[in-house]
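One letter stands for each residue in the lines below.
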2 protein chains.
Amino acid sequence: MVSRSIQIGSQTTVLLEGHGSRRRLVEHLQSQGQRWLVISDERVSQHWRSDPFAAEVPWLLVPSGEEFKSIASASRLWSELCALKVDRHTAVVAVGGGMVCDLAGFVAATYLRGLPFCAVPTSLLAMVDASVGGKVAVDLPEGKNLVGQFYPAQAVALDSDFLDSLPVVEWSSGMAEVIKHGLIAGDPLWTWLESLERQDLLQREVRDRLLHEAVEVKRRIVEVDPFERLGPRATLNLGHTFGHALEWSSAYRLRHGEAVGLGLLAAVRMSRALGLLQQDLEPRLVALLERWGLPTQLPEPFAPSWEWSRLMSALDRDKKNRGGRWTFLLLRGPGRVETVVGPEPDQVRSAFDSLRSPARAGAA
Amino acid sequence: MVSRSIQIGSQTTVLLEGHGSRRRLVEHLQSQGQRWLVISDERVSQHWRSDPFAAEVPWLLVPSGEEFKSIASASRLWSELCALKVDRHTAVVAVGGGMVCDLAGFVAATYLRGLPFCAVPTSLLAMVDASVGGKVAVDLPEGKNLVGQFYPAQAVALDSDFLDSLPVVEWSSGMAEVIKHGLIAGDPLWTWLESLERQDLLQREVRDRLLHEAVEVKRRIVEVDPFERLGPRATLNLGHTFGHALEWSSAYRLRHGEAVGLGLLAAVRMSRALGLLQQDLEPRLVALLERWGLPTQLPEPFAPSWEWSRLMSALDRDKKNRGGRWTFLLLRGPGRVETVVGPEPDQVRSAFDSLRSPARAGAA
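Now for a look at the structure at hand.

**Focus on the overall build of chain A**
And then number 1: Check the secondary structure of chain A and you find 14 helices and 11 strands.
And then number 2: In terms of overall size, chain A behaves like a compact globule, its C-alpha atoms giving a radius of gyration of 20 Å where 364 residues would be expected to give roughly 21 Å.
And then number 3: Principal-axis analysis of the C-alpha atoms gives chain A an extent of 60 × 40 × 40 Å.
And then number 4: Every one of the 364 residues in chain A was classed for burial, and the buried ones make up 64%.
And then number 5: Restricting to contacts in chain A with at least 6 residues of sequence separation, those with at least 24 account for 72%.
And then number 6: Only carbon and sulfur atoms are counted for the fraction: they give 50% of the accessible area of chain A, which is about 13,200 Å².
And then number 7: Charge-centre separation for chain A: the mean point of 41 positive side chains lies 4 Å from the mean point of 43 negative side chains.

**Some words on the pairing of strand β9 (residues 155-158) of chain B**
Residue and element names in this part refer to chain B.
And then number 1: What you see with β9 is no split at all: A155 and A157 on one side and V156 and L158 on the other are buried throughout.
And then number 2: Pairing of strand β6 (residues 117-121) with β9, which is carried by two bridges, proceeds in the parallel orientation. Residue pairing for β9: A119 is matched across the bridge by V156.

**Some words on the pattern of salt bridges**
Where charged atoms from two side chains of opposite charge come close, those side chains can pair.
And then number 1: A full pass over the atoms with the stated rule returns 64 salt bridges over all chains.
And then number 2: Linking K320 of chain B and D318 of chain B is a salt bridge whose minimum nitrogen-to-oxygen distance equals 2.9 Å.
And then number 3: Taking relative accessible area as the criterion, K320 of chain B reaches 12% and is therefore assigned buried.
And then number 4: The class of D318 of chain B is buried, set by a relative accessible area of 12%.
And then number 5: Taken together, the shared-partner salt bridges in this structure form one network comprising R22, D51, D159, D161, D164, R204 and R207 of chain A.

**Regarding the sheet that holds strand β2 (residues 11-17) of chain A**
All names here are of chain A.
And then number 1: Strand order in this open sheet of seven strands is β1-β2-β9-β6-β5-β3-β4, and the pairing throughout is mixed. Single-partner strands in this sheet number two, and they are β1 (4-8) and β4 (59-62). Across this sheet, the average inter-strand angle for adjacent strands is 20°, counted without regard to direction.
And then number 2: Two strands pair when backbone bridges link them, and strand β3 (residues 35-41) and β4 are joined in this way by four bridges, in the parallel orientation.

**Things to note about the environment of G263 of chain B**
All names here are of chain B.
And then number 1: Tracing the sequence through the fold places G263 in helix α11 (residues 256-273).
And then number 2: Its relative accessible area of 0% is what places G263 among the buried residues.
And then number 3: Considering only alpha carbons, one finds G263 and A245, 18 residues apart in sequence, at a separation of 9.0 Å.

**Some points on helix α1 (residues 21-31) of chain A**
Residue and element names in this part refer to chain A.
And then number 1: Of the positions making up α1, those classed as buried are S21, R22, L25, V26 and L29. The buried residues of α1 occupy an angular sector of 150° when the element is viewed end-on, so they sit on one face. Among the exposed residues of α1, those pointing more than 90 degrees away from its buried face are Q30 and S31.
And then number 2: Taken from the residues just after α1, G33 is the one with a positive phi, measuring 65°.

**Examining the relation of the copies chain A and chain B**
And then number 1: Superposition record for chain A on chain B: RMSD 0.0 Å, screw rotation 180°, translation along axis 0.0 Å. What we have between these two chains is a two-fold relation.
And then number 2: Both copies present the same face, since 100% of the interface residues in chain A are matched by interface residues at the equivalent positions in chain B.

**Observations concerning the packing of helix α13 (residues 308-315) of chain A against helix α14 (residues 345-354) of chain A**
Residue and element names in this part refer to chain A.
And then number 1: Direction vectors running N to C along α13 and α14 enclose 120°, while the axes themselves pass 11 Å from each other. Relative to α14, the element α13 is oriented oblique. Taken as a pair, α13 and α14 cross one another with a handedness that is right-handed. Between α13 and α14, the contacting residues are W308, L311 and L315 on the first element and P345, V348, R349 and F352 on the second.
And then number 2: A per-class count over the contact of α13 with α14 returns six nonpolar, no polar and one charged.

**Here's the deal with the interface of chain A and chain B**
And then number 1: Of the residues lining the interface, 36 residues belong to chain A; the matching set on chain B comes to 36 residues.
And then number 2: Summing both sides of the interface, chain A and chain B together bury roughly 3,300 Å²; the carbon and sulfur share of this comes to 55%.
And then number 3: Across the contact surface, chain A and chain B share four salt bridges.
And then number 4: Here K85 of chain A ties to D316 of chain B by a salt bridge, and the two come within 3.1 Å at their closest N and O atoms.
And then number 5: Here chain A and chain B share 16 residue pairs in polar contact (both at pLDDT 80 or more) between them.

**A closer look at the packing of aromatic side chains**
And then number 1: Throughout the structure, instances matching the rule amount to 12 aromatic pairs over all chains.
And then number 2: Centre to centre, the rings of W48 of chain B and F162 of chain B are 4.4 Å apart; their planes meet at 65°, and the pair counts as edge-to-face. Of the two residues, W48 of chain B is situated in helix α2 (residues 42-48) and F162 of chain B in helix α6 (residues 161-164); the sequence distance between them amounts to 114 residues. Of the two residues, W48 of chain B and F162 of chain B, neither departs from the other in class, the shared state being buried.
And then number 3: Between W78 of chain B and F106 of chain B, the aromatic rings sit 6.0 Å apart at their centres with planes inclined by 50°, giving tilted as the arrangement. Of this pair, W78 of chain B sits in helix α3 (residues 71-83) while F106 of chain B sits in helix α4 (residues 98-110), and the two are 28 residues apart along the sequence. With respect to burial, W78 of chain B and F106 of chain B carry one shared label: buried.
And then number 4: Here the aromatic residues W308, W326 and F352 of chain A are joined through ring pairs into a cluster of three or more.
And then number 5: Over the ring of F53 of chain A we find R22 of chain A, and its NZ or CZ is 5.7 Å from the ring centre.
And then number 6: A cation sits over an aromatic face here: R209 of chain A above W192 of chain A, 3.9 Å from the ring centre.

**Brief notes about the pairing of β2 of chain A**
All names here are of chain A.
And then number 1: Pairing of β1 with β2 involves five bridges; the strand directions are antiparallel. Across the sheet, residue I6 finds its bridge partner in β2, namely T13.
And then number 2: Turn length for the β1-β2 hairpin, with the two strands adjacent in sequence and antiparallel, is two residues, and the turn residue G9 shows positive phi of about 60°.
And then number 3: Where β2 and strand β9 (residues 155-158) come together, four bridges link them in parallel fashion. Counted as the bridge partner of L15 is V156 from β9.

Analysis parameters
- Residues numbered from 1 in each chain as written.
- Chains lettered and ligands numbered in written order.
- Predicted model: local features only at pLDDT ≥ 70, side-chain atom pairs only at ≥ 80, totals over all residues.
- Heavy atoms only, no water.
- Helix = DSSP H or I, 4+ residues; strand = E, 2+ residues; numbered from the N terminus.
- Rg over C-alpha atoms; globule rule 2.2 N^0.38 Å.
- Buried < 20%, exposed > 50% of the residue type's maximum accessible area, 1.4 Å probe, protein only.
- Contact = heavy atoms within 4.5 Å.
- Areas by Shrake-Rupley, 256 points an atom, 1.4 Å probe, with all protein chains shown as cover.
- Lys, Arg positive; Asp, Glu negative; His and termini not counted.
- Charge placed at Lys NZ, Arg CZ, Asp CG, Glu CD.
- Pairing = 2+ DSSP bridges.
- Salt bridge = Lys/Arg side-chain N within 4 Å of Asp/Glu carboxyl O.
- Axes fitted to C-alpha atoms, helices over the stretch in contact; angles between N-to-C directions.
- Arc of directions from axis to C-beta.
- Least-squares fit on C-alpha atoms with pLDDT ≥ 70 in both.
- Parallel < 35°, antiparallel > 145°, perpendicular 65-115°, else oblique.
- Left-handed = near helix turned anticlockwise from the far one by under 90°.
- Nonpolar A, V, L, I, M, F, W, Y, C, P; charged D, E, K, R; others polar.
- Buried area = accessible area lost by both parts, 1.4 Å probe.
- Polar contact = N/O pair within 3.5 Å; in protein donor to acceptor, adjacent residues only side chain to side chain.
- Phe/Tyr/Trp six-rings, centres within 6.5 Å; stacked < 30°, edge-to-face > 60°.
- Lys NZ or Arg CZ within 6 Å of the ring centre and 35° of its normal.

Right, dumping it as structure tokens:
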């Protein structure tokens, strides 16, 4: 499969795609005589540290889990870079999921005012979202991704080999972002996703197409509005205003994809309640979420997380807020996202509360 | 006095110059309906918090001193921005010296992936150096400015009113950077600086000219090489390889300007020893340093700081290092800076050791 590139402001991210592209990334670094090292997490390193593509370079590790996407982890990594006497010409290669890509990118963006940065995402979620588009960040105790930068990777290897061994729960999480891309882009992607069965993804060509199409949605939007100043890029936050608030409220026990799936459902319901969305999209979305093993109701085990006051304080810290007013991305239909600034708190609360009850049975 | 601007890559920093320009900066923010707040330190806030230009907005304060230009201070400020529900449209205005400008700029660059940022430098040092050119940073325990970004201020007010009440020791510190700019630019600036007596600066026009000329040197260099990729911008590090190492070795008891002055002297001696510098520049430099109350010998009270092993470990972490080799900016003469990669450690040590003995009497 050929390579694409994403233009983000004045910078270009080369996308290496398909089977074995992690090795092509490394060959590219080696051909330039580039010194490099890996930042990863413990879980990913157990599987991939001895893989030949990066067996010869230092691996700096953080514990696995969103709670380690923190300033404390970044501080430890900065000190390890000091200890390794890393200079401005040493590249950082993130090897891992979204958490690793975000954290390693932030560390690379800030150490010595910026090291060369590449990403080898190992999860579907990171491939279609975190690794492309230039957003890097760490969380604060107060909320997700509050500290970060726009720092596009020079190259990203979208290597479908990693998907061969991807746990089911990781497929679910990634599919939430793919479904989001389907809702943002509309047809033909949306209806293709509706037609897709789980077993279809056993075929490598289908997996590669899924990756390609999902990334293409992000590429088109990011190139128009690289720094989220004009509006289009904010549409990628569909489902994420609720999603981030739910994720934070659960102290990250709810996975990102699960939270985004619930966020999409809340957004569809709120769009309907506000009269923006004329068609009955909910059963189609529920069917998709269910097919990919995503929750359509707030999980009972984390019940104490679902207090309205807790959700409100998370919403108050959303990066899209303007003049203290909440900002939601809502839908007029697949392919038609609309920004709504300052909805009535009651409307937001209704959508949130609706997630406490079972969803209407999905029907694709 | 008219305004200039500095073009840094795709971004423009407007420079508001002369008496009262801090108020023009605020009027500019107000005319755009911009929400804003101040980040400053305790010492500066004692003098300026009740000044009408910023009496109405929140002031977030850190303790004074380079040792607080840290990730810990940045973390506290990020949390305070959370608590104030600051959004992406709220500007951060740094009011203070170099430490405040660097720290506030880093916090602004990273909070919510970047808030609008302006600077009101209150020291000569910050006016001619830290506030212009887009470098923002915090220190790590391992070294100075190791974590940061290129994040140019949208506007900088170079308000000479602040210089009216500037302590003598702050004048000295700032003049070290001005002398550096004279050495980098050469004539006519260099000989003009040699002709300048301390009492000349009692005249406002002379102060304004000094500011203007010193910033002009930086502007010309930064516009050619905004992100220090080509080489010219690195010349602004003249005296800073030694300077940063001395400053760090003394645990910041040596002031930045004092360290830079000593670093310039060491660079001149090393340039001479390596045969780069043909003329006997040392007495002229010593005369200038002495005139502005800057040390020309390592201060005795911090004697334990001046161990060679300690200096070496600081040099090992210099941001300009390439492939583990030290990089120094040296001189062929005023206006002729040369980059030297990988000098013999003995040559570096000789220049360092020379700072233990009194300098030859200066003669302008």
